[in-house]
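Below are the chains, spelled out letter by letter.
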Amino acid sequence: HYAVALLDSGEPEHLETAKAILNRVIDLQDQNPANKTYGIWSWYMEEPLAKMAPPDWNWADFCGTQLLLAWMDHRQRLGQALADKVKDSILHAARSIKKRNVGPSYTNIAIMGTNVSLLVGELFGEAEFTEYGKARLRRFYDYTFEQGSFTEYNSPTYTIVAMTELIRMLMVVQDPED
């Protein structure tokens with residue numbers, strides 16, 4: 001969030017700090033597909049993924065969303081090497097999201113992961129994520145209307161997170177059907 005906020009400021013003096021944050025965050029992601037924690041991050045520098053009990057799979061969704069904002073809105077300012085690194089990190093997060101495949105009852109994560117999947121499909125030409133994202137969006141839509149509302153922790157805090165992510169999806173996903 002902080003790196004994206006610095007980039008969004010448009011202030012040239014914040015660019016190097018934002019780039020350093022992105023490089024550091026990406027370096028902390030598990031990018032080895034053979035690992036159980038592939039595509040996610042630990043919460044704390046002092047607690048590596050291998051020691052987390054349990055690891056937080058939601059980080060693929062939360063971090064993937066923010067990395068997409070950095071890539072979509074600022075990739076030209078990042079330089080080619082960092083823009084490529086951000087893209088690769090997004091792809092790792094998307095693969096983790098798809099592997100985990102949360103159901104529609106996990107409202108905010110279902111929305112975030114759908115957004116990441118749809119955008120990876122659209123922006124990077126990854127057809128498997130386009131198909132996956134569309135199916136996931138349909139499942140979430142049908143489930144939510146069947147239930148009559150968001151089901152996960154139907155509270156003001158979680159509802160704001162869900163609505164913010166849906167608004168973000170409306171703003172960035174290009175396919176009008178989605």
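Our subject is the structure that appears above.
Summarised in this report is the structure supplied together with it.

Quick notes on the rules
Residues numbered from 1 in each chain as written. Predicted model: local features only at pLDDT ≥ 70, side-chain atom pairs only at ≥ 80, totals over all residues. Heavy atoms only, no water. Helix = DSSP H or I, 4+ residues; strand = E, 2+ residues; numbered from the N terminus. Rg over C-alpha atoms; globule rule 2.2 N^0.38 Å. Contact = heavy atoms within 4.5 Å. Areas by Shrake-Rupley, 256 points an atom, 1.4 Å probe, with all protein chains shown as cover. Lys, Arg positive; Asp, Glu negative; His and termini not counted. Charge placed at Lys NZ, Arg CZ, Asp CG, Glu CD. Salt bridge = Lys/Arg side-chain N within 4 Å of Asp/Glu carboxyl O. Buried < 20%, exposed > 50% of the residue type's maximum accessible area, 1.4 Å probe, protein only. Expected span 1.5 Å × (residues − 1). Arc of directions from axis to C-beta. Phe/Tyr/Trp six-rings, centres within 6.5 Å; stacked < 30°, edge-to-face > 60°. Lys NZ or Arg CZ within 6 Å of the ring centre and 35° of its normal. Core = buried A, V, L, I, M, F, W, Y, C linked by side-chain atoms within 4.5 Å.

A tally of regular secondary structure across the protein gives 7 helices and 0 strands. Along its sequence from the N terminus, the protein presents helices and strands in the succession α-α-α-α-α-α-α. Its C-alpha radius of gyration of 16 Å places the protein within 12% of the 16 Å reference for a compact globule of 178 residues. Taking the principal axes of its C-alpha atoms as reference, the protein extends roughly 50 × 40 × 35 Å. In the protein, the proportion of contacts linking residues at least 24 apart, taken out of those at least 6 apart, comes to 59%. About 9500 Å² of surface is accessible on the protein, with carbon and sulfur atoms providing 56% of the total. For the protein, the centre of its 17 positive side-chain charges and the centre of its 24 negative side-chain charges are spaced 5 Å apart.

Another point: the pattern of salt bridges. It is possible for side chains bearing opposite charge to pair when their charged atoms get close. All told, the structure shown has 7 salt bridges when counted by the stated rule. As a salt-bridge pair, Glu128 and Lys98 come within 2.8 Å of each other at their nearest N and O atoms. Remark: Lys98 occurs in helix α4 (residues 80–100) and Glu128 occurs in helix α6 (residues 127–147); sequence separation between them is 30 residues. Using a relative accessible area of 41% as the deciding quantity, one classes Glu128 as partly exposed. Overall, the relative accessible area of 29% leaves Lys98 in the partly exposed class. Residues Asp178 and Lys134 are paired through a salt bridge, measuring 3.0 Å at the closest nitrogen-oxygen approach. Placement of the pair is Asp178 in the segment after α7 (156–172) and Lys134 in helix α6, with a sequence separation of 44 residues. Look at Asp178 and you get partly exposed, because its relative accessible area is 24%.

A few words now on helix α2 (residues 12–27). Taking 1.5 Å of rise per residue, 16 residues should cover 22 Å, and α2 covers 24 Å from first to last C-alpha, within 8% of that figure. Taken as a whole, α2 has its buried residues at Leu15, Ala18, Lys19, Leu22 and Ile26. When α2 is viewed along its axis, its buried side chains cluster within an angular range of 105° and face the same direction. Among the exposed residues of α2, those pointing more than 90 degrees away from its buried face are Glu13 and Glu16.

Among the structural elements, Leu166 can be located in helix α7. For the pair formed by Leu166 and Asn115, sequence separation is 51 residues and the distance between their alpha carbons is 8.3 Å. If sequence neighbours within four positions are ignored, Leu166 has contacts with Ile111 and Phe150.

This part covers the packing of aromatic side chains. Using the criterion set out here, one finds 5 aromatic pairs in the structure. For the ring pair Trp71 and Phe124, a centre distance of 4.8 Å and an interplane angle of 85° mean the geometry is edge-to-face. In this pair, Trp71 is assigned in helix α3 (residues 58–78) and Phe124 in helix α5 (residues 107–124), connecting sequence segments 53 residues apart. In this structure, Trp71 and Phe124 share a single accessibility class: buried. A cation over an aromatic ring shows up here: Arg75 above the ring of Trp71, its NZ or CZ 3.9 Å from the ring centre. Directly above the aromatic system of Phe129 lies the positively charged group of Lys98, at a separation of 5.9 Å from the ring centroid.

Turning next to the nonpolar core. In this structure, Leu22, Val86, Ile90 and Val120 are the most contacted members of the largest nonpolar core, which totals 47 residues. Broken down by secondary-structure element, the contributors of at least two residues to this core are α1 (2–9), α2, α3, α4, α5, α6 and α7. Apart from residues no more than four positions distant in its own chain, Ile90 is found in contact with Leu67, Leu68, Trp71, Val120 and Phe124.

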